[in-house]
Amino acid sequence: MREQIRHVWGRWWSGLLRRLRQLSPQERRLLRGALALGAVAGLAVLTVLPRITNASQTDVLVNGSFEQGFAQVPGCGIVGEGWGCFTNGGAANYGFYDDSWELVVADGKHSQLVEINTNNLAAGDPDRYAGIYQTVRVVPGEQYKLALRGMIRTTNQEGDPWRYRVQVGYLHGPHGDWRDVENWTDVGWNTYYGRTEPGSFSDYHAVLVPDSQALTIFIRVWKKWGVAYEELDVNLDAISLVGPSPHRPGGPPQAGGTGGPVGGDAPAPGRPDDGPRQPAPQDGPDYGYGPAQNQPLLCTGPDLLYNGSFEQGFADTPLGAVGRGWGAFTNGGGAIYGFYDEQWTPVVADGKHGQLIEINTKGVYPTDADRYAGIYQRVEGLHPGGVYELTLRGLLRGEGNEEDPYRFAAQWGYGPNPDWRHVDEEVWEEMDLGPIYKRTEPGSLATYTARFTAPSSSVVLFIRGWKKFAVTNVEMDFNVDAIRLRACQPAGVGGPDQRPNDGPDGGPDGGPGRPGPGGEPGGASCLYVVKPGDSLGAIAQYFGVSAQAIMRANGIENADLIYVGQKFEIPGCGAGGPPAGQGAPEQPQDAPRPQGQEEPLAPSRPQMRPDEPDRDEGRRPQRGQTYTIRNGDTLSAIAAAYGVDAYALARYNGIDNLNLIYVGQVLQIPAN
């Protein structure tokens, strides 16, 4: 059969050629002209055909080109905003830097520099790692294209041509430790340049298919051998993870990005299609605002700190065991530092755990004066100008230099970012915790209370111990526990279940005649802080303005390049709320209940399932059981449905971030 087809085709082709040869020169010219016109027409058709694109494709990473700033991260260095960092310590020195040397920047004006060196080390350890990571929201089962660019530089141009490597790995789910990654992949960058003689960037591309709603991407630098006196520098830039947006197309902004409540293609039954959320501490309500004239303040709002009693566990860090949700810092120098999970009953104020911070100079010659060590936590959603109250319990104890009763001190302060050195000196306030006790004979923990006015919607709270003098063989132990931060309001104005600006419906601010997020009544604009998962178009749609107007008002050139924490002035929204006919936005499911309303709002209830006990519409579900998270749930809505505090529910289930829950997660509901 095949031979017959070949024979027929051959006869047809031979006949065509024979006929073409029989054409006159004029006929051949006409044929060539017709063929040329056909080709032009074909190109014209291709030109007018629309370019097929997928509008739902988006880069789900934050600050992948490192143009949205850097932050000081204790134990690492200067790390791009939105990224975490890690090392494996040992006999090596590590550094993370904002590199703006144009020869080692691939995109924009900044790149992330990761350094591992053995300078001043007679011998280093092999297999030293340092890297960065980020958790993002994704659509399970869809393809995401990972891309990055990098350059490897070194002071040692001799030796094993594969002595330095860069690897990429990932973990499915909202939590990740780089030590749990088993799918490390080499990016194939085999060219090493001199440290001061950079060359060109190398590229890497891969396709990932997540199997959950969260994905943690890790990028690490690997110095294989313990060769002394060499430095490895790796610049990383233009990192992207492009794929389907995890948020509903055309809908309002949904939380996502690095840790947001789970979402879906459509709201769960009974769940309102809410717009951008107002700044709120981990989805909890904010009751802070300026005090009324001559009225006492009541500080009875919810605790805005996470794990202030240290009962939700500790994380192992390069500095020691630090309470989950807290960062740690020291100022190094001639001293030894330690952070510990304190479980000695005499120095624990609340529960079974407290934070112990140690500074000692045992065997240290010489020592340095003014050594600091402390912890910090960022607090979001504050009301600028509102009054907040900090309370804690603590004590100082130690040994050595006992003749000086003022040798140690404890302080607190606040600043704009996690770098404690950016706290103004006049902001640091010494806490009176009573006398300094002997290290092994502690007294009772003192209670300290202070109030301050929030300078912005977000501050970083710092608590530190201070060893004042350069005296050797001295140990300072600072125990701190039961740390709480609450908003204050004038007595007799509203209640903890109603915002000061709410009307009788208990709806959120933002309706006609009331300020929008961060705005002032009757003003010409509002302030909105970008949340994970927001898009410029969805924010514009919610406020009833054009995306182009927001871009012009804020000097934005690319609508796709916005980042979490960015502040937008919304032109015109303060004068009258949403456009005519739109009315106030529907009540978000995590809005506080109006005063006197005992039952949760109907839209706030999680869906009933066959495995749950029946209940009437007017009764809360029973406590002391489990709840499995579904699409559209938020922790605050679940807590409201069961009549428990969202923060208590998080603590009970060991959840570090109220915004970071996932479909299928099983929650234990406290019985009382």
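Since the structure is predicted, the reported quantities are computational estimates derived from the model, not experimental observations.

Caption draft 1: Highlighting the overall build of the protein chain. When helices and strands are counted, the protein chain shows six helices and 33 strands. Split into buried and exposed, the 672 residues of the protein chain put 51% on the buried side. Put simply, the protein chain shows about 31400 Å² of open surface, and 51% of that area lies on carbon and sulfur atoms.

Caption draft 2: Representation of the sheet that holds strand S13 (residues 214-223) within the structure. Ordered in space as S4-S7-S13-S9-S10, the five strands form an open sheet in which the pairing is antiparallel. Two strands lie at the open edges of the sheet, namely strand S4 (84-87) and strand S10 (185-186), each paired on one side alone. In terms of strand pairing, S4 meets strand S7 (residues 128-137) through four bridges, oriented antiparallel. When the bridges of S7 are listed, cysteine 85 appears paired with isoleucine 132.

Caption draft 3: Inspection of the nonpolar core at higher detail. Ranked by internal contacts, the top residues of the largest apolar core, which has 43 residues, are Ile375, Leu392, Trp412, Met431, Ile463, Phe478 and Ile483. Of the residues forming this core, the biggest block, six residues, is contributed by strand S28 (residues 475-487). Every residue in contact with tryptophan 412, bar those within four places of it in the chain, is listed here: Leu390, Val427, Trp428, Glu429, Met431, Tyr448, Ala450, Phe452, Leu461, Phe462 and Ile463. Core analysis: the second largest hydrophobic core is formed by 39 residues, Val60, Leu61, Tyr144 and Val168 among them.

Caption draft 4: Focus on the sheet that holds strand S27 (residues 459-467). Strand order in the open sheet made by the five strands is S18-S21-S27-S23-S24, with antiparallel pairing throughout. Every interior strand has two partners, whereas the edge strands, strand S18 (327-330) and strand S24 (429-430), have only one. Bridge count for strand S23 (residues 408-415) against S27 is eight bridges, and the pairing is antiparallel. Pairing of tryptophan 412 across the sheet is with isoleucine 463, part of S27.

Caption draft 5: Here's a closer look at the packing of helix H3 (residues 536-543) against helix H4 (residues 547-554). Relative orientation of the contacting elements H3 and H4 amounts to 105 degrees, with a least axis distance of 8 Å. On the basis of their axis angle, the class for H3 and H4 is roughly perpendicular. The segment H3 lies against H4, with Leu536, Ile539 and Ala540 engaging Ala547, Ile550 and Met551. When the residues that make up the contact of H3 with H4 are grouped by side-chain class, the tally is six nonpolar, no polar and no charged.

Caption draft 6: Quick peek at the packing of aromatic side chains. Under the criterion given, the structure shown has 24 aromatic pairs. In this structure an aromatic cluster arises from ring pairing among Phe86, Tyr129, Tyr133, Trp178, Trp184, Phe218 and Trp222. Sitting above the plane of the tyrosine 129 ring, arginine 220 keeps its charged end 3.9 Å from the centroid. In this structure, lysine 468 is placed above the aromatic ring of tryptophan 466, and the distance from its NZ or CZ to the ring centre is 5.0 Å.

Caption draft 7: The state of the cysteines, seen in detail. Counted under the stated rule, the structure contains two disulfides. Across the disulfide from cysteine 299 sits cysteine 488; the S-S distance is 1.9 Å. An S-S torsion of about 100 degrees defines the bridge between cysteine 299 and cysteine 488 as right-handed. Of the two residues, cysteine 299 sits in the loop between strand S15 (297-298) and strand S16 (314-317) while cysteine 488 sits in the loop between S28 and strand S29 (489-490), which places them 189 residues apart along the sequence.

Caption draft 8: A look at the environment of glycine 75. Positionally, glycine 75 belongs in the loop between strand S2 (70-73) and strand S3 (77-80). Each C-alpha atom, one on glycine 75 and one on threonine 330, is 9.2 Å from the other, the two residues being 255 residues apart in sequence.

Caption draft 9: Representation of H4 in the model. Within H4, burial applies to Ala547, Ala549, Ile550 and Met551. Next to the buried residues of H4 lie H3 and strand S31 (567-571). Remark: glycine 555 follows H4 within two positions and exhibits a positive phi of approximately 65 degrees.

Caption draft 10: View of unusual backbone geometry. In this chain, tyrosine 365 is followed by proline 366 through a cis amide linkage whose omega measures -10 degrees. Topologically, proline 366 is positioned in the loop between strand S20 (354-360) and strand S21 (371-379). Its identity as a non-glycine residue notwithstanding, asparagine 63 has a phi of 60 degrees, on the positive side. Position of asparagine 63 relative to the elements: it lies in the loop between strand S1 (57-59) and S2. For asparagine 63, a relative accessible area of 4% gives the class buried. Phi at asparagine 401 is positive, roughly 60 degrees, even though this residue is not glycine.

Caption draft 11: Structural view of the side chain of glutamine 377. With respect to the secondary-structure elements, glutamine 377 resides in strand S21. In this structure glutamine 377 comes out as buried when scored by relative accessible area, which is 6%. At a separation of 3.4 Å, a polar atom in the side chain of glutamine 377 contacts the main-chain carbonyl oxygen of glycine 325. Once residues lying within four places of it in the same chain are set aside, the contact partners of glutamine 377 are Leu305, Tyr306, Gly325, Trp326, Val459, Val460 and Leu461.

Caption draft 12: Seen up close, the side chain of arginine 407. Along the chain, arginine 407 turns up in the loop between strand S22 (387-399) and S23. Comment: no salt bridge for buried arginine 407; closest opposite-charge side chain is glutamate 402, at 5.3 Å. From its side chain, arginine 407 meets the backbone oxygen of aspartate 404 in a polar contact 2.6 Å long. Not counting chain neighbours up to four residues away, the residues in contact with arginine 407 comprise Gly400, Asn401, Glu402, Ile436, Trp466, Lys467, Lys468 and Phe469.

Caption draft 13: A look at the pattern of salt bridges. The final tally for this structure, using the stated rule, is 13 salt bridges. The partner of arginine 149 in a salt bridge is aspartate 203, with the nearest N and O atoms 2.8 Å apart. Pair noted here: arginine 149 is in strand S8 (residues 144-154) and aspartate 203 is in strand S12 (residues 202-208), with a separation of 54 residues, a long-range link. Taking the relative accessible area as the measure of exposure, aspartate 203 reaches 41% and is therefore partly exposed. A salt bridge links lysine 223 to glutamate 230; the shortest N-O distance between them is 3.3 Å. Taken as a pair, lysine 223 and glutamate 230 share a single burial class, namely buried. When salt bridges with common partners are traced through the structure, they connect Lys362, Glu399, Arg439 and Glu475 into a single cluster.

How each quantity is defined
Residues numbered from 1 in each chain as written. Predicted model: local features only at pLDDT ≥ 70, side-chain atom pairs only at ≥ 80, totals over all residues. Heavy atoms only, no water. Helix = DSSP H or I, 4+ residues; strand = E, 2+ residues; numbered from the N terminus. Buried < 20%, exposed > 50% of the residue type's maximum accessible area, 1.4 Å probe, protein only. Areas by Shrake-Rupley, 256 points an atom, 1.4 Å probe, with all protein chains shown as cover. Pairing = 2+ DSSP bridges. Core = buried A, V, L, I, M, F, W, Y, C linked by side-chain atoms within 4.5 Å. Contact = heavy atoms within 4.5 Å. Axes fitted to C-alpha atoms, helices over the stretch in contact; angles between N-to-C directions. Parallel < 35°, antiparallel > 145°, perpendicular 65-115°, else oblique. Nonpolar A, V, L, I, M, F, W, Y, C, P; charged D, E, K, R; others polar. Phe/Tyr/Trp six-rings, centres within 6.5 Å; stacked < 30°, edge-to-face > 60°. Lys NZ or Arg CZ within 6 Å of the ring centre and 35° of its normal. Disulfide = S-S within 2.5 Å. Polar contact = N/O pair within 3.5 Å; in protein donor to acceptor, adjacent residues only side chain to side chain. Lys, Arg positive; Asp, Glu negative; His and termini not counted. Salt bridge = Lys/Arg side-chain N within 4 Å of Asp/Glu carboxyl O.

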